[in-house]
Amino acid sequence: MGAHIANIMDIIKLPDPVLRETAMAVPEVTDGIRNLLDDMALTMYDAPGIGLAAPQINISKRIIVMDCGKDEAPELYKMINPEIIESSEDKAILEEGCLSIPDQTAEVTRPASVTVRYTDIEGDTKMLTAEGLLAACVQHEIDHLNGVLFIDHISRLKRDMIIRRVMKEMRQSSSKS
């Protein structure tokens with residue numbers, strides 16, 4: 001079989017209903033799943049972003065990719081069926097944004113460190129204990145698999161302001177096209 005050439009996928013935006021669905025578990029790691037992960041990694045880097053969940057490319061599967069490493073030392077994670085099995089009591093506040101909510105950011109409070117169990121591309125069970133940016137990123141991406149967006153973690157006032165701005169930008173860009 002020929003090598004898969006990764007493709008850049010379209011990232012869906014708020015208010016697409018897929019972003020609010022709970023994604024389906026992946027029963028087994030197949031070449032199709034590995035190819036999808038390659039496509040997602042390319043799409044994430046192209047965006048550019050540090051994380052991408054399959055629902056963001058209109059695929060309701062429990063798959064995420066992340067890379068919070070420095071440009072000179074990338075650390076790409078490809079996770080299938082990731083789940084947080086432990087969260088710290090300590091909280092951290094980080095500025096978050098989302099490729100599905102372009103040009104909007106907000107400070108989000110989350111557990112400062114988490115332990116995630118996931119399946120890798122070989123089908124092996126792995127554990128990752130993350131803190132700092134990586135912890136926030138993995139929680140943000142797993143939220144996507146549960147139909148949760150970063151704006152759900154902020155005050156209603158701030159959330160409504162962001163949603164209004166996004167809708168206004170969508171109306172403006174659709175009137176230009």
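One can find the structure itself at the top, above this paragraph.
Residues numbered from 1 in each chain as written. Predicted model: local features only at pLDDT ≥ 70, side-chain atom pairs only at ≥ 80, totals over all residues. Heavy atoms only, no water.

### A short note on the sheet that holds strand S1 (residues 51-53)
- Across the sheet, five strands lie side by side as S1-S2-S3-S6-S7; this open sheet has antiparallel pairing. Both outer strands of the open sheet, S1 and strand S7 (125-131), are each paired with one neighbouring strand and no more. Pairs of neighbouring strands in the sheet enclose a mean axial angle of 40°, with direction left out of account.
- Pairing geometry for strand S6 (residues 113-119) and S7, over seven bridges, is antiparallel. Opposite Arg117, over in S7, you have Met127 as the bridge partner.
- Lying over the sheet, helix H1 (residues 31-46) contacts S1, strand S2 (63-67) and strand S3 (76-87), oriented at roughly 40° with respect to S2.
- Each of S1, S2, S3, S6 and S7 is contacted by helix H2 (residues 132-145), which is oriented at about 160° to S2, the strand it contacts most. (Pairing = 2+ DSSP bridges. Helix = DSSP H or I, 4+ residues; strand = E, 2+ residues; numbered from the N terminus. Axes fitted to C-alpha atoms, helices over the stretch in contact; angles between N-to-C directions. Contact = heavy atoms within 4.5 Å.)

### A few points about unusual backbone geometry
- Cis geometry is found at the peptide bond from Leu14 to Pro15, where omega equals 5°.
- Here the phi dihedral of Asn81 falls at roughly 50°; this positive angle occurs in a residue that is not glycine.
- Here Asn81 shows up in strand S3.
- Residue class for Asn81 comes out partly exposed when judged on its relative accessible area of 21%. (Buried < 20%, exposed > 50% of the residue type's maximum accessible area, 1.4 Å probe, protein only.)

### Topic: the environment of Ser87
- Mapped onto the elements of the fold, Ser87 is located in strand S3.
- Note: C-alpha distance between Ser87 and Ile33 (54 residues apart in sequence) is 28 Å.
- In this view, Ser87 contacts Pro111, Ser113 and Val114; residues no more than four positions away in its chain are not counted.

### Quick word on H2
- A rise of 1.5 Å per residue sets the reference length of H2, with its 14 residues, at 20 Å; its end C-alpha atoms lie 21 Å apart and thus fit the reference within 8%.
- Within H2, twelve of the 14 residues are buried, which leaves it mostly tucked inside the rest of the structure.
- Restricting attention to buried positions, one finds in H2 the residues Leu134, Ala135, Ala136, Cys137, Val138, Gln139, His140, Glu141, Ile142, Asp143, His144 and Leu145.
- Phi turns positive, to about 75°, at Gly147, one or two residues after H2. (Expected span 1.5 Å × (residues − 1).)

### Observations regarding the pairing of strand S5 (residues 101-111)
- Bridge count between strand S4 (residues 91-98) and S5: eight bridges; the pairing is antiparallel. The residue of S5 that forms the bridge with Gly97 is Thr105.
- Taking the residues between adjacent antiparallel strands as the criterion, S4 and S5 are bridged by two residues.

### Quick look at a nonpolar patch on the surface
- A cluster of nonpolar residues, Ile50, Leu94 and Leu133, forms a patch on the protein surface that exposes about 220 Å² of accessible area.
- With respect to the helices and strands, the residue Leu94 is situated in strand S4. (Patch = residues over 30% accessible without salt bridge, like charges linked within 9 Å, V, L, I, M, F, W, Y side chains within 5 Å. Areas by Shrake-Rupley, 256 points an atom, 1.4 Å probe, with all protein chains shown as cover. Salt bridge = Lys/Arg side-chain N within 4 Å of Asp/Glu carboxyl O.)

### Points about the pairing of S2
- Of all five residues in S2, five are buried; the element is thus mostly enclosed.
- Here S2 shows two buried faces, one formed by Ile63, Val65 and Asp67 and the other by Ile64 and Met66.
- Here S2 runs beside S3; their pairing, made up of five bridges, is antiparallel. Residue pairing across strands places Ile64 opposite Met79, the latter belonging to S3.

### A word on helix H3 (residues 156-176)
- Under the 1.5 Å per step criterion, the end-to-end length of H3 is 30 Å for 21 residues, consistent within 8% with the ideal 30 Å.
- Within H3, the full set of buried residues consists of Arg159, Ile162 and Val166. The buried residues of H3 occupy an angular sector of 65° when projected down its axis, which confines them to one face. Opposite the buried face of H3, at more than 90 degrees from it, the exposed residues are Arg156, Leu157, Arg164, Arg171 and Ser175.
- Its buried side turned inward, H3 meets S5. (Arc of directions from axis to C-beta.)

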